[in-house]
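# Chain and residue survey
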Amino acid sequence: MDWIQGFQRSVDYIEEHITEPLDIGNIARVMNISGYYYQKLFNVLCGFGVGEYIRNRRLALAGSELMATDERVIDIALKYCYDTPEGFTRAFTRFHGVPPSAVRRGSPVKSFAKLCVTIIVKGGSTMNYKVVTKESFKVLEKVEEQSIADEQNLNTIPQFWTRSHEDGTVRRLLELTSDRSYIFGICYGNTPSDSKTFDYSIAARVASDFKEADVPAGFRLSEIPARTWIVFECVGAMSGAIQELWHKIITEFFPSSPYKPTYEMDIEAYTEGNMSLDTYKSEIWVPVTANG
């Protein structure tokens, strides 16, 4: 199945079950990918998270029902998965700008339309990339479990990087690495589709003879499998430049590429230098297979 069609089917699934408890794992299963990668695709494609989409759709539909029916507020709240009228009223007021009671007195409500996924492959933008077949290699990494709930990792991953610079983690990795060219940020997406978490690590490559006995306390030794990778060059200040590149990769590169992601992991490779400069260089590594 084409991944764009798969994404639209996942949106259709959300709409079909909008009055039921929705789990990101069940939604991701429509595309046969992990909850983490579904969340990432959704955020990059839409500019907001899947949780926000579900909340806004429910509140928009609830507003329409308040205007068009005589259903009790508590019944509409329960229908759209709010446990209490108070919680529903708070959320409704934040979204519509007025409480449910005001709608019954004639106040207008906001709309929030169902997503219809249309990918337009545009010319005029360039991406520097190369296809690289890499043998397996070892990394020493500091790992934190990240939650996919409400896109919390958008904040917790940057916080992890800040702590790792402050507590000496990055310095220790650079002392032990066999290749000082990069410090990696690795997202492990090869989790079951119903998993609520994924592993994220800050890592550096180590020599092939690096042993478990050499691993410092609090770190993990892992092997990145032999794969074919698309390596995308990123030039620009962090984190805006790498976010913009992810958007191009997902909306422009893969829809017209003979390759498709394996969804096992992705690696952001950071070089030494001032990340705030427009000339700063980094890379995104995506493991791929031939499409079809």
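Cut-offs used in this document
Residues numbered from 1 in each chain as written. Predicted model: local features only at pLDDT ≥ 70, side-chain atom pairs only at ≥ 80, totals over all residues. Heavy atoms only, no water. Helix = DSSP H or I, 4+ residues; strand = E, 2+ residues; numbered from the N terminus. Buried < 20%, exposed > 50% of the residue type's maximum accessible area, 1.4 Å probe, protein only. Areas by Shrake-Rupley, 256 points an atom, 1.4 Å probe, with all protein chains shown as cover. Lys, Arg positive; Asp, Glu negative; His and termini not counted. Charge placed at Lys NZ, Arg CZ, Asp CG, Glu CD. Expected span 1.5 Å × (residues − 1). Arc of directions from axis to C-beta. Contact = heavy atoms within 4.5 Å. Phe/Tyr/Trp six-rings, centres within 6.5 Å; stacked < 30°, edge-to-face > 60°. Lys NZ or Arg CZ within 6 Å of the ring centre and 35° of its normal. Axes fitted to C-alpha atoms, helices over the stretch in contact; angles between N-to-C directions. Parallel < 35°, antiparallel > 145°, perpendicular 65-115°, else oblique. Nonpolar A, V, L, I, M, F, W, Y, C, P; charged D, E, K, R; others polar. Core = buried A, V, L, I, M, F, W, Y, C linked by side-chain atoms within 4.5 Å.

In this section: the overall build of the protein chain. The helix and strand tally for the protein chain stands at 10 helices and nine strands. The principal-axis extent of the C-alpha atoms belonging to the protein chain is close to 70 × 45 × 35 Å. Here the protein chain holds 292 residues, and 46% of them are scored as buried. Accessible area of the protein chain: about 14800 Å², with a carbon and sulfur share of 49%. Distance from the positive charge centre (31 side chains) to the negative charge centre (38 side chains) of the protein chain: 2 Å.

Take helix α8 (residues 153-166) next. Across its 14 residues, α8 extends 19 Å between first and last C-alpha, which sits within 8% of the 20 Å expected from 1.5 Å per residue. Asn153, Ile157, Phe160, Trp161 and Ser164 are the residues of α8 that are buried. Mapping the buried residues of α8 onto a view down its axis gives an arc of 95 degrees, with all of them on the same face. Structural note: α8 exposes Asn155 and Glu166 on the side pointing more than 90 degrees away from its buried face. For α8, the secondary structure elements touched by its buried residues are α3 (35-46), β2 (137-147), α9 (169-176), β3 (183-188), β4 (197-206) and β8 (265-270). The positive-phi residue at the C-terminal boundary of α8 is Gly168, with phi of around 90 degrees.

Tallying each qualifying case throughout the model produces 26 aromatic pairs. Ring geometry for Tyr53 against Phe112: centres 5.9 Å apart, planes inclined by 55 degrees, an arrangement best described as tilted. You can see Tyr53 sitting in helix α4 (residues 50-68) and its partner Phe112 sitting in the loop between α7 (100-104) and β1 (129-134), a full 59 residues away along the chain. Taken individually, Tyr53 and Phe112 each receive the classification buried, so the pair is uniform in this respect. Among the aromatic residues, ring-to-ring pairing joins Phe7, Tyr38, Phe42, Phe48, Tyr53, Phe95 and Phe112 into one connected group. Over the face of the ring belonging to Phe219 we find Lys142, whose NZ or CZ atom lies 5.3 Å from the ring centre.

Okay, the packing of α3 against helix α10 (residues 240-253) next. Two numbers describe how α3 lies on α10: the axes approach to 9 Å, and their chain directions differ by 95 degrees. Classified by the angle their axes make, α3 and α10 are roughly perpendicular. Residues Lys40, Leu41, Val44 and Leu45 of α3 form the contact with α10, whose own contacting residues are Trp246, His247, Ile250 and Thr251. For the contact of α3 with α10, a count of residues per class yields five nonpolar, two polar and one charged.

Grouped together as the largest cluster of nonpolar side chains are 75 residues, with contacts concentrated most on Tyr38 and Phe232. Apart from the residues within four sequence positions on either side, Phe232 is in contact with Met127, Asn128, Tyr129, Leu245, Ile249, Phe253, Ser282, Glu283, Ile284 and Val286. If you look at the next biggest cluster of nonpolar residues, it comprises 14 residues, including Phe137, Tyr182, Ala203 and Ile224.

Tracing the backbone through its elements, the reader meets Asp266 in strand β8. When its relative accessible area of 1% is taken as the criterion, Asp266 is described as buried. Sequence separation of Asp266 and Thr177 is 89 residues, and the distance between their C-alpha atoms is 20 Å. Other than its neighbours up to four places away in sequence, Asp266 contacts Tyr36, Tyr37, Lys40, Gly185, Ile186, Cys187, Trp246 and Trp285.

For α10, spanning 14 residues, the distance from its first C-alpha to its last is 19 Å, which sits close to the expected 20 Å at 1.5 Å a residue. Inspection of α10 places Ala241, Ile242, Leu245, Trp246, Ile249, Ile250, Thr251, Glu252 and Phe253 among the buried residues, and these make up the whole buried set. Here the buried face of α10 lies against α1 (3-16), α3, β1, β6 (227-235), β8 and β9 (281-290).

Let us look at unusual backbone geometry. Across the junction of Met238 and Ser239, the peptide omega takes the value 0 degrees, indicating a cis bond. Looking at the secondary structure, you find Ser239 in the loop between β6 and α10. One non-glycine residue, Cys81, lies in positive phi territory at about 70 degrees. Topologically, Cys81 is positioned in the loop between α5 (73-79) and α6 (85-96). A relative accessible area of 26% places Cys81 in the partly exposed class. A positive phi angle, close to 60 degrees, is found at Tyr263, a residue other than glycine. Structurally, the position occupied by Tyr263 is in the loop between β7 (259-261) and β8.

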